[in-house]
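# Per-entry structural report
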Amino acid sequence: MCFGGLGVRRGSPGDDIRHRSMGLTKQYLRYVASAVFGLIGSQKGNIVFVTLRGEKGRYVAVPACEHVFIWDIRKGEKILILQGLKQEVTCLCPSPDGLHLAVGYEDGSIRIFSLLSGEGNVTFNGHKAAVTTLKYDQLGGRLASGSKDTDIIVWDVINESGLYRLKGHKDAITQALFLRDKNLLVTSGKDAVVKWWDLDTQHCFKTMVGHRTEVWGLVLVSGEKRLLTGASDSELRAWDITYVQEVEDLEEPEPKKTKGSPSGIQGLQEEGDGPLALDEAPEDRILKCSKAGSIMREGRDRVVNLAVDKTGRILACHGTDSVLEVFCILSKEEIQKKMDKKMKKARKKAKLSSVQGEEEDLEVHVEMSLQDEIQRLTNIKTSAKIKSFDLIHSPQGDLKAVFLLQNNLVELYSLNPSAQTPQPVRTSRITIGGHRSDVRTLSFSSDNIAVLSAAADSVKIWNRSTLQCIRTMACDYALCSFFVPGDRQVIIGTKTGKLQLFDLASGNLLETLDAHDGAVWSMSLSPDQRGFVTGSADKSVKFWDFELVKDKNSTQKRLSVKQTRTLQLDEDVLCVSYSPNQKLLAVSLLDCTVKVFYVDTLKFFLSLYGHKLPVLCMDISYDGTLIATGSADRNVKIWGLDFGDCHKSLFAHDDSVMYLQFVAKSHLFFTAGKDRKIKQWDADKFEHIQTLEGHHQEIWCLAISPSGDYVVSSSHDKSLRLWERTKEPLILEEEREMEREAEYEESVAKEAQPAVPGETQGDNYFTGKKTIETVKAAEKIMEAVELYREETAKIKEHNAICKAAGKEVPRPINPILMAYGNISPSAYVLQIFKGVKSSELEESLLVLPFSYVPDILMLFNEFIQQGSDVELLCRCLFFLLRIHFGQITSNQMLVPVIEKLKETTISKVSQVRDVLGFNMAALDYLKRECEAQREVTFFADATNNLEEKKRKRKKRERLILTLT
């Protein structure tokens, strides 16, 4: 007998079964991702209000791993899912018209979704790292994105292309804001500076260095004449902005002086912290900034989010705690009233303190402080730590604040800012859609319909088909669970060593048993379904039987459990499992071994030794011949349960194997690891079948339905994922090929040079990055040009043959051209260019070798002469001229082509400009006509209403006269 053999033992019955099964051709079926549920909002992105169905303040967009959920916070229902691909959402920004939502992802890509259809048709690829901020300009035509790669990119949303890249920050970008009336952009970063960018020239004209730590947020208030910044301390700094164009004709005022300093600049340096954000001279050609003061927050930690509402009146910020601080920015009239009151009080006080009898006018000076302009309104205390928030004003004038909390929760608060002492009131919250903490145990009901998930505070029962939570019950910290046979009760094993029995029909806790002195790590239902076994950290295994007892509150009997036996061991028990015939019990111990005992006598049978770290999970196959163990050493070992020999050791995951379970009536099993992957294996052929990727954090547990058709998994990212078995056959060779392709795509994405902080080399015009899509688009263009060359040569050859023969000879037509409606080769090239996504066009042309450029330029000349897609062709032409300028100008063969292109392009672009001008004038005319019609209709309605009121009044007066 082999107790820990690391080799295969020959001649055993288990080997016979294995060799017979290996002789057969197995067909595997593919599992695919079916749904994500149990998640209200993930932590990396921000929550925003969105306008849907014409209603404001009712719907919010929340990041949910790779998807975006749209929640109706009034009903607590999920009404729309914006489907992502693979990467996690890091940033959200709604468009000013409320019709679109820009979504930034972990890999640096940006997608723009339509909130009407839920589809994301526009994709921007330009950043090398996660997107940290997104901001639309006032009209919604441009989108600025900042990233961890230290770059800011300005995108043309209408043309679906990048405009330019702004380099200068030396650390991750934290915020970016467009100015409404000026073509300027202001950005902040973790490099402790704020930069001002002139978008006409695409350069940074001012750097503000008045911060000692990372700048986490900034907002523009008071008509964009004041900038507020939040850093890693409890101070909100305010900066006065003076636009040079507005004061060119005015005299420059004398600098404000402070005590003990000869000039206002030095005074500001004493009041501020660190170097000033001012360079008072030749560089201040556009605007000047001066520090106006500071507002102290109550929180002592860093600013996480700093935001202002659309009216610019309410300012709010929060740190890493659960308190949102709300401030009110007073208008000029309110400030003047406040100053008048202060002046009146000061005069009164001075008059009282003056010498009696003196009647001369007292000169009183009252200075206005920043605290007079920005008043603290209130604090909003949420039920957990705040991750992000958004503000909006309701039609009734109330301020609504929605919060995405750390514990997978969304809360909505309302307050009246005009009240004397505004009191925030929580109006709604979304809780039922998920747990407050990580799910540590999952179970399927026997009919495959219900799914149990349990976490630190609650047990939830989900309907698998609708993914709706049908029951929520409060519990202790759950570690293991199962449905009692009959699916009417569930049992939970807790971290405190208790067993909790719940009734599903009523949702009540029937009984709590103090089962162990340590955590109950594992439970296994007996195959005869009359009892179960528990393993605990108190070094014991206990056997339990189901029984019916009389209920004190009812005449009927209810289910209960009683302990029958105890198996005491020398180490903590991590996992227990019954064999299908209920003759053996496998117990995993903290000493890295698995011991197998006889159930009837509790005598020792086998010891499975070979893992270097403790076995965290294990399962026995349906026929009792194999036992598979998964360990913290990242390996899975397959053992024969007859002699305890190790059939195979598999390197399964890149981190600890957290869960392992066989599929019913097969030797296939699933494993889940801390490396965020779920893998399917064949225990007979020792082959890896499939990898299920989707989770973004460590996977804690999984459960397989009794039928084997469904797998559900839970992760540290708070999501539950459902995987479904399809009827699609899975061929292992094809699966390996797909994995290699996926690796290649990832390598292409990583080929771009890594982000260099503060890098300024290179042309800011190039905003894209190399992706597998741009490579494929470039390959299509090259194939189209090669087909054009071949077909052109064939046409010339065919014409020569016809000329020699003196008659028309039929020419075979290329099937590719036939598929496009028997078009010409040059028209086929144009179709390929039109098929390339606008956002990928420049990067695809950048990949294109120069040998294809001469043919493309000649074709462009032909297309532009025909007036086909002039805008697209000019965009491609100018880009090719920019990147291949040297080679094109040095090639004498291309000189006549460029001359023709110059003439043709100028004339055709002028025609297009004339058409656009005509259309704009027509639209203006229609606008004026509509406005005139609206005014006439408005006044006509008002006149009719007035006449109707007069008639009613006269009728009422006649009635009164008649009655009197």
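All of the points below concern the structure found in this document.

### Comments concerning a negative patch on the surface
On the surface, Glu779, Glu783, Glu786 and Glu790 cluster together into a negatively charged patch. With a relative accessible area of 46%, Glu790 lands in the partly exposed category.

### Description of the side chain of Arg165
Along the polypeptide, Arg165 turns up in strand β13 (residues 161–166). Among the polar contacts listed, one links the side chain of Arg165 to the backbone oxygen of Gly126, at a separation of 3.2 Å. Separated by 3.1 Å, the side chains of Arg165 and Asp151 make a polar contact.

### A short note on the sheet that holds strand β14 (residues 173–178)
Two modes of strand pairing occur in sheets, parallel and antiparallel, and in both the strands are linked by backbone hydrogen bonds. What the four strands build is an open sheet, ordered β14-β15-β16-β17; its pairing is antiparallel. Only two strands of the sheet have a single neighbouring strand rather than two, namely β14 and β17 (203–208). Along the sheet, successive strands turn relative to each other by an average axial angle of 20 degrees, direction set aside. Where strand β15 (residues 184–189) and strand β16 (residues 194–198) come together, five bridges link them in antiparallel fashion. Residue Thr187 lies in a different strand from β16, and its bridge partner there is Lys195.

### Observations concerning the packing of helix α6 (residues 772–805) against helix α10 (residues 853–866)
Two numbers describe how α6 lies on α10: the axes approach to 11 Å, and their chain directions differ by 75 degrees. By the angle class used here, α6 and α10 are roughly perpendicular. Facing Ile781, Val785, Tyr788 and Arg789 of α6, the residues of α10 in contact are Asp855, Ile856 and Leu859. The residue makeup of the contact of α6 with α10, split by class, is five nonpolar, no polar and two charged.

### Side note on the pattern of salt bridges
Evaluated as defined, the whole model comprises 30 salt bridges. Salt-bridge contacts for Asp151 lead to Lys167; the nearest nitrogen and oxygen are separated by 3.2 Å. Residue Asp151 is located in the loop between β11 (142–147) and β12 (152–156), and its partner Lys167 is located in the loop between β13 and β14; the two are separated by 16 residues in the primary sequence. Residues Asp151 and Lys167 agree in their burial class; the two are buried. Taking the shortest distance from any N to any O, the salt bridge between Asp709 and Arg725 comes out at 2.7 Å. Taken as a pair, Asp709 in the loop between β54 (699–704) and β55 (710–715) and Arg725 in strand β56 (residues 720–730) lie far apart in primary sequence, 16 residues in all. Arg725 gets classed as partly exposed once you look at its relative accessible area, which sits at 27%. Put simply, Glu55, Arg58, Asp72 and Arg74 are held in one network by salt bridges that share partners.

### Focus on the nonpolar core
Counting 35 residues, the largest nonpolar core has Ile781, Phe833, Leu845, Ile856, Leu857 and Phe860 as its most contacted members. Elements that contribute at least two residues to this core include exactly α6, α8 (825–835), α9 (841–847), α10, α11 (870–883) and α13 (895–963). When sequence neighbours within four positions are dropped, the list of residues in contact with Leu857 reads Leu877, Ile888, Leu894, Val897, Ile898 and Leu901.

### Brief notes about the pairing of β16
Counted residue by residue, β16 has five buried out of five residues, so it is predominantly covered. Of the two faces of β16, the one lined by Val194, Trp196 and Asp198 and the one lined by Lys195 and Trp197 are each fully buried. Linking β15 to β16, which pair antiparallel, is a turn of four residues; within it Ala192 sits at a positive phi near 70 degrees. The pairing of β16 with β17 spans five bridges and is classified as antiparallel. The residue of β17 that forms the bridge with Val194 is Met208. Hairpin geometry of β16 and β17 is characterised by an intervening segment of four residues between the two adjacent antiparallel strands and by a positive phi of about 55 degrees at Gln202.

### Observations regarding unusual backbone geometry
The backbone of Arg634 sits at a positive phi, close to 80 degrees, despite the residue not being glycine. Of note, Arg634 is situated in the loop between β47 (626–631) and β48 (635–640). Of the residues examined, Arg634 reaches a relative accessible area of 36% and is grouped as partly exposed. Unusually for a residue other than glycine, Arg676 sits at a positive phi of about 75 degrees. With respect to the helices and strands, the residue Arg676 is situated in the loop between β51 (668–673) and β52 (677–682). By relative accessible area, which is 40% here, Arg676 ends up partly exposed.

### Notes on the side chain of Ser388
Inspection of the secondary structure puts Ser388 in strand β26 (residues 386–393). Separated by 3.0 Å, the side chain of Ser388 and the backbone nitrogen of Ile47 make a polar contact. For Ser388, the residues in contact, after removing those within four places along its chain, are Gly45, Asn46, Ile47, Asn305, His318, Val402, Phe403 and Leu404.

### Considerations on the packing of aromatic side chains
According to the stated counting rule, one finds 14 aromatic pairs in the structure shown. A ring pair is formed by Phe532 and Trp544, whose centres lie 6.3 Å apart and whose planes are at 10 degrees; its orientation type is stacked. Of this pair, Phe532 sits in strand β39 (residues 531–536) while Trp544 sits in strand β40 (residues 540–550), and the two are twelve residues apart along the sequence. Overall, Trp544 belongs to the buried group, its relative accessible area being 6%. Plain terms: the ring middles of Tyr820 and Tyr828 are 5.2 Å apart, the flat faces sit at 75 degrees to each other, and that makes the pair edge-to-face. Taking relative accessible area as the criterion, Tyr820 reaches 40% and is therefore assigned partly exposed. Grouped by ring-pair contacts, the aromatic residues Phe482, Phe532, Trp544 and Phe546 constitute a single cluster. One cation-aromatic arrangement involves Arg440 over Trp700; the distance from NZ or CZ to the ring centre is 4.0 Å. The aromatic ring of Tyr710 is capped on one face by Arg464, whose charged end is 3.9 Å from the ring centroid.

### Focus: the environment of Arg875
With respect to the element layout, Arg875 can be found in helix α11. Accessibility expressed as a relative area gives 15% for Arg875, which makes it buried. The spatial distance from the C-alpha of Arg875 to the C-alpha of Leu841 is 9.2 Å, given a sequence separation of 34 residues. Aside from chain neighbours lying at most four places away, what touches Arg875 is Asn159, Glu160, Ser161, Ser838, Leu841 and Glu842. Looking at Arg875, its side chain comes within polar contact range of the side chain of Glu842, at 2.8 Å.

Calculation notes
Residues numbered from 1 in each chain as written. Predicted model: local features only at pLDDT ≥ 70, side-chain atom pairs only at ≥ 80, totals over all residues. Heavy atoms only, no water. Patch = residues over 30% accessible without salt bridge, like charges linked within 9 Å, V, L, I, M, F, W, Y side chains within 5 Å. Areas by Shrake-Rupley, 256 points an atom, 1.4 Å probe, with all protein chains shown as cover. Salt bridge = Lys/Arg side-chain N within 4 Å of Asp/Glu carboxyl O. Lys, Arg positive; Asp, Glu negative; His and termini not counted. Charge placed at Lys NZ, Arg CZ, Asp CG, Glu CD. Buried < 20%, exposed > 50% of the residue type's maximum accessible area, 1.4 Å probe, protein only. Helix = DSSP H or I, 4+ residues; strand = E, 2+ residues; numbered from the N terminus. Polar contact = N/O pair within 3.5 Å; in protein donor to acceptor, adjacent residues only side chain to side chain. Pairing = 2+ DSSP bridges. Axes fitted to C-alpha atoms, helices over the stretch in contact; angles between N-to-C directions. Parallel < 35°, antiparallel > 145°, perpendicular 65-115°, else oblique. Contact = heavy atoms within 4.5 Å. Nonpolar A, V, L, I, M, F, W, Y, C, P; charged D, E, K, R; others polar. Core = buried A, V, L, I, M, F, W, Y, C linked by side-chain atoms within 4.5 Å. Phe/Tyr/Trp six-rings, centres within 6.5 Å; stacked < 30°, edge-to-face > 60°. Lys NZ or Arg CZ within 6 Å of the ring centre and 35° of its normal.

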